[in-house]
Amino acid sequence: SSKMFVDEKGNKFMRLAIHPGGAFGIHGHSGSMDILYIIDGEGIAICNGVEEKLEPGNCHVCPDGSKHEFKNTGTKDLQIVAFVPKIARSLVKIYL
């Protein structure tokens with residue numbers, strides 16, 4: 001389940017709950033990035049083929065031009081707050 005707010009510039013702020021065994025399938029970001037903050041639950045994110053563990057307090061970043069997916073590997077809902085800001089490629093460089 002999810003709730004989303006989108007501002008007039010297309011920036012998105014969401015609260016997501018992914019049920020045990022569920023996933024948010026592979027998708028790309030072009031002109032935006034994805035910042036996920038994990039509130040509760042356990043899971044994995046795979047960004048450009050690199051896997052990382054998701055657990056409370058972790059922050060996962062999928063940079064502009066990248067693809068990622070995330071899955072709930074735990075026994076309770078994976079609770080996520082996500083911010084998807086639009087990126088002006090000519091004006092912003094992101095160093096991770």
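Preceding this section is the structure that the text describes.
The rules behind each value
- Residues numbered from 1 in each chain as written.
- Predicted model: local features only at pLDDT ≥ 70, side-chain atom pairs only at ≥ 80, totals over all residues.
- Heavy atoms only, no water.
- Salt bridge = Lys/Arg side-chain N within 4 Å of Asp/Glu carboxyl O.
- Helix = DSSP H or I, 4+ residues; strand = E, 2+ residues; numbered from the N terminus.
- Buried < 20%, exposed > 50% of the residue type's maximum accessible area, 1.4 Å probe, protein only.
- Pairing = 2+ DSSP bridges.
- Polar contact = N/O pair within 3.5 Å; in protein donor to acceptor, adjacent residues only side chain to side chain.
- Contact = heavy atoms within 4.5 Å.

Engineer: So, the pattern of salt bridges: which residues are in play, and what are the values?
Structural biologist: Within the structure shown, the criterion is met by two salt bridges. Of the charged contacts in the structure, one is a salt bridge between Asp40 and Lys76, with a shortest N-O distance of 3.2 Å. Placement of Asp40 in strand 4 (residues 34-40) and of Lys76 in the loop between strand 8 (67-72) and strand 9 (78-84) is noted, with a sequence separation of 36 residues between them. Look at Asp40 and you get partly exposed, because its relative accessible area is 28%. One salt bridge in this structure joins Glu55 and Lys53, with 3.7 Å as the shortest N-O distance. Exposure remark for Lys53: the relative accessible area of 52% places this residue in the exposed category.

Engineer: Got a sec to walk through the pairing of strand 7 (residues 59-62)? Specific residues and values, please.
Structural biologist: Here strand 7 shows a clear split, with His60 and Cys62 buried on one side and none of Cys59 and Val61 buried on the other. Note that strand 4 and strand 7 share four bridges and pair antiparallel. Among the inter-strand pairings, Ile35 is bridged to a residue of strand 7, identified as Val61.

Engineer: Which residues make up the side chain of Ser32, and what are the values?
Structural biologist: Along the chain, Ser32 falls in the loop between strand 3 (23-28) and strand 4. For Ser32, a relative accessible area of 9% puts it in the buried group. Separated by 3.2 Å, the side chains of Ser32 and His29 make a polar contact. For Ser32, the contacting residues outside a window of four places in its chain are Pro63, Asp64, Gly65, Val84, Pro85, Lys86 and Ile87.

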